[in-house]
Amino acid sequence: MLTSADLAHTHSSDGPYGFSEAAEPFDKACGKWAETLDKKQLLGVAASYANKALSCGYPGLVILHGLLKGGKQCWTPKLYANLHPTYYGMMVASFLPIENCDNVV
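A short tour of the structure in this document, coming up. (Residues numbered from 1 in each chain as written. Predicted model: local features only at pLDDT ≥ 70, side-chain atom pairs only at ≥ 80, totals over all residues. Heavy atoms only, no water.)

**A short note on the pairing of strand S2 (residues 90-98)**
- One ladder, built from 9 bridges, connects strand S1 (residues 74-83) with S2; its direction is antiparallel. When the sheet's bridge partners are listed, Trp-75 is paired in S2 with Pro-97. (Pairing = 2+ DSSP bridges. Helix = DSSP H or I, 4+ residues; strand = E, 2+ residues; numbered from the N terminus.)

**Section: the packing of aromatic side chains**
- Here the structure, examined in full by the defined rule, presents 4 aromatic pairs.
- The interplanar angle of 65 degrees and the centroid separation of 5.7 Å between the aromatic rings of Phe-26 and Tyr-58 together place this pair among those described as edge-to-face. Separated by 32 residues along the polypeptide, Phe-26 in helix H1 (residues 23-36) and Tyr-58 in helix H3 (residues 58-69) bring together distant segments of the chain.
- A centroid spacing of 5.4 Å and a plane angle of 45 degrees characterise the contact between Trp-33 and Phe-95, whose relative ring orientation is tilted. Note that Trp-33 is positioned in helix H1 and Phe-95 in strand S2, a separation of 62 residues in sequence.
- Judged by relative accessible area, which is 17%, Phe-95 ranks as buried. (Phe/Tyr/Trp six-rings, centres within 6.5 Å; stacked < 30°, edge-to-face > 60°. Buried < 20%, exposed > 50% of the residue type's maximum accessible area, 1.4 Å probe, protein only.)

**What to know about unusual backbone geometry**
- Of note in this structure, Leu-37 is not a glycine but carries a positive phi near 60 degrees.
- Topologically, Leu-37 is positioned in the loop between H1 and helix H2 (39-53).
- Not every positive phi belongs to a glycine, and Leu-54 is a case in point at roughly 55 degrees.
- Its place among the elements puts Leu-54 in the loop between H2 and H3.

**Looking at the state of the cysteines**
- Inspection of the entire model under this criterion finds 1 disulfide.
- Bridging Cys-74 to Cys-101, the disulfide has an S-S length of 2.4 Å. Taken together, the residues Cys-74 in strand S1 and Cys-101 in the segment after S2 connect sequence positions 27 residues apart.
- Cys-101 gets classed as partly exposed once you look at its relative accessible area, which sits at 21%.
- The thiol of Cys-30 is not disulfide-bonded; the next cysteine sulfur, from Cys-56, is found 12 Å away.
- Cys-30 sits in the buried class, given a relative accessible area of 0%. (Disulfide = S-S within 2.5 Å.)

**Remarks on the environment of Gly-18**
- By secondary structure assignment, the location of Gly-18 is in the segment before H1.
- A residue is classified by how much of its surface remains accessible, and Gly-18, at 19% relative accessible area, is buried.
- C-alpha separation for the pair Gly-18 and Gly-57, spaced 39 residues apart in sequence, amounts to 18 Å.
- Discounting chain neighbours no more than four positions away, the residues touching Gly-18 are His-9, Thr-10, His-11, Ser-12 and Ser-13. (Contact = heavy atoms within 4.5 Å.)

**Regarding the layout of surface pockets**
- In this structure, the largest pocket occupies an estimated 390 Å³ of space.
- What lines the largest pocket is a set of 20 residues, and nearest its centre among them are Leu-2, Thr-3, Leu-64, Ala-93 and Phe-95.
- Secondary-structure elements contributing two or more residues to the lining of the largest pocket are H1, H3 and S2.
- Take the lining of the largest pocket: its biggest share by element is 6 residues, from S2.
- Across the lining of the largest pocket, the residue classes break down as 15 nonpolar, 4 polar and 1 charged. (1 Å grid on protein atoms, 1.4 Å probe; cavity = no way out; pocket = protein on both sides within 12 Å on 5 of 7 lines; lining within 4 Å. Points joined across faces, edges and corners; volume = space filled by probe spheres on them. Nonpolar A, V, L, I, M, F, W, Y, C, P; charged D, E, K, R; others polar.)

Laid out in structure tokens, this is it:
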């Protein structure tokens, strides 16, 4: 499964959408979610900044979370990068299946 999701589009006043103070905390919350699959980070913290961060990829991350947590399969999350070299944020993460979920919280 692959999801493409730009993060906040408001990291730079020079960008097409201007600057918002919501950009940094939004991207950080998405990164915390990608590291932990903690729904509070994605559906609580990031959601509270989403409208001002102007992320076109946020709905895709919410769908991905539902797919990952909606079944009996367990996943190992790993965040490789969470940065914004231009006006928009980018994140690279993987979610690999775990063979035995018996000891997973």
